[in-house]
Amino acid sequence: MNVIGIVGWKNSGKTTLASALIRELSSRGLTVNSIKHAHHMVDVDQPGTDSYKHRDAGAREVILAGGQRFAIMHELRGATEPTLDELLSRLGPCDWVVVEGFKTHSHAKIEVHRREGSRSPLFTEDPSIVAVASDYAAEFSGPVFDINDIPAIADFILNRQPA
């Protein structure tokens, strides 16, 4: 399983880039899965639904299944948040996983950094950043891509030799 991360500060365009890369890689015939890290409370289920009632009653995992998709909701119930490696092990087979967030993990990452961002780039402190997608000529020692050049970023991902 090949993994590429998309990292950056809040509102830098991480989700836009991740979604565009998923679309581009998928259009090239590859199977792509994704993992998105959130720093806020996540709940894909709503109070009053049957699956919510199952979780509220104490179920550790609930699978909500229908004709088009299924979702597994896993309650941590005080347990530690799973690591990226633990989450990756739960995914089905695929060619690529696009990971948004998890900036402290050591997987290969592309940083999204914008000129108007008030925070300094992550690449100055993170050796696992292998490229930068930006709206300016970032002073990065590796490849710097125009944030809108999705085909070039996808080519880089597919042709990159893992370290």
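Since this is a predicted model, take the numbers as computed values, not measurements.

Bringing the packing of aromatic side chains into the picture now. With the rule as written, the count across this model stands at two aromatic pairs. Ring centres of Phe 123 and Phe 140 lie 5.0 Å apart, and the angle between their planes is 65°; on these two criteria the pair is classed as edge-to-face. Separated by 17 residues along the polypeptide, Phe 123 in the loop between strand S6 (109-113) and strand S7 (129-134) and Phe 140 in the loop between S7 and strand S8 (144-146) bring together distant segments of the chain. Comparing Phe 123 with Phe 140 shows no difference in burial state: the two are buried.

Within the span of helix H4 (residues 150-159), buried status applies to Ile 150, Ile 153, Ala 154, Phe 156 and Ile 157. All buried residues of H4 fall inside an arc of 155° around its axis, so they share one side. The inward-facing, buried residues of H4 abut strand S1 (2-7), helix H1 (14-27), strand S5 (96-100), S6, S7 and S8.

Conventions adopted
- Residues numbered from 1 in each chain as written.
- Predicted model: local features only at pLDDT ≥ 70, side-chain atom pairs only at ≥ 80, totals over all residues.
- Heavy atoms only, no water.
- Phe/Tyr/Trp six-rings, centres within 6.5 Å; stacked < 30°, edge-to-face > 60°.
- Helix = DSSP H or I, 4+ residues; strand = E, 2+ residues; numbered from the N terminus.
- Buried < 20%, exposed > 50% of the residue type's maximum accessible area, 1.4 Å probe, protein only.
- Arc of directions from axis to C-beta.
- Contact = heavy atoms within 4.5 Å.

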